[in-house]
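# Understanding the architecture of this molecule
Listed below are the residues making up each chain.
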Amino acid sequence: MARGRRRQADDRIAKDLAHLPIAPHPFATTGHPPFPDRRLGHGLASWAWKTSLAFTDDFLARVGVQPVYEDLRPRLSTDRPRPADRTRRHRRPAP
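Everything numeric in this text was worked out from a predicted model, so none of it was measured.

A count of helices and strands for the chain gives 4 helices and 0 strands. Counting from the amino terminus, helix and strand elements in the chain follow one another as α-α-α-α. Here the chain holds 95 residues, and the buried ones make up 17% of them. A fraction of 31% describes how many contacts in the chain between residues 6 or more apart in sequence connect residues 24 or more apart. When the accessible surface of the chain is split by element, carbon and sulfur atoms take 59% of a total near 8,100 Å².

Attention shifts here to the nonpolar core. With 6 residues, the main nonpolar core is built from Ala-14, Leu-17, Leu-20, Ile-22, Phe-35 and Leu-44. Leaving out residues up to four positions away in the same chain, Leu-20 has contacts with Arg-39 and Trp-47.

With that settled, consider helix 3 (residues 42-63). The terminal C-alpha atoms of helix 3, which comprises 22 residues, lie 32 Å apart, in line with the 32 Å expected from a rise of 1.5 Å per residue. Among the residues making up helix 3, those that are buried are Gly-43, Leu-44, Ser-46, Leu-53 and Leu-60. Looking one or two places after helix 3, you find Gly-64, whose phi comes out positive at around 75°.

Further remarks concern a nonpolar patch on the surface. A cluster of nonpolar side chains, namely Phe-55, Phe-59, Val-63 and Val-65, defines an oily patch on the protein surface of about 410 Å² accessible area. Here Val-63 lies in helix 3.

Moving on, we get to the pattern of salt bridges. Enumeration according to the criterion identifies 3 salt bridges in this entry. Residue Asp-58 pairs with Arg-62 through a salt bridge whose shortest N-O separation is 2.9 Å. Of this pair, Asp-58 and Arg-62 both sit in helix 3, 4 residues apart, which is roughly one turn of the helix. You can call Asp-58 partly exposed: its relative accessible area is 38%. A cluster of three or more residues bridged by salt bridges with shared partners is formed by Asp-57, Glu-70 and Arg-73.

With that settled, the discussion passes to the confidence of the model for the chain. Of the residues in the chain, 79% reach a pLDDT of 70 or more, and the chain-wide mean stands at 77. Per-residue pLDDT, averaged within each element of the chain, yields its smallest value for helix 4 (residues 83-90) (52) and its largest for helix 3 (90).

Rules used in this analysis
- Residues numbered from 1 in each chain as written.
- Predicted model: local features only at pLDDT ≥ 70, side-chain atom pairs only at ≥ 80, totals over all residues.
- Heavy atoms only, no water.
- Helix = DSSP H or I, 4+ residues; strand = E, 2+ residues; numbered from the N terminus.
- Buried < 20%, exposed > 50% of the residue type's maximum accessible area, 1.4 Å probe, protein only.
- Contact = heavy atoms within 4.5 Å.
- Areas by Shrake-Rupley, 256 points an atom, 1.4 Å probe, with all protein chains shown as cover.
- Core = buried A, V, L, I, M, F, W, Y, C linked by side-chain atoms within 4.5 Å.
- Expected span 1.5 Å × (residues − 1).
- Patch = residues over 30% accessible without salt bridge, like charges linked within 9 Å, V, L, I, M, F, W, Y side chains within 5 Å.
- Salt bridge = Lys/Arg side-chain N within 4 Å of Asp/Glu carboxyl O.
- pLDDT = per-residue confidence, 0-100.

Here is the structure:
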């Protein structure tokens, strides 16, 4: 019985997430269920982070408070570094 309720909950969550601009999990195929397999990943985490940051920015602007994280804003991103950027960071110096 618990399995049936869980499936219903997963279906409801999948329906709620369907209209959001969330990239599917790159390792899930079309045979996997929409939630959690195809939706739970970097795309959903990125959407949640950007949405919560936008909400906080709007709220603080309305009450007239400068965010304490303003100086960190350039680092507040979920964008992945490009492969070229990653390799530069981990290169060993030439002998």
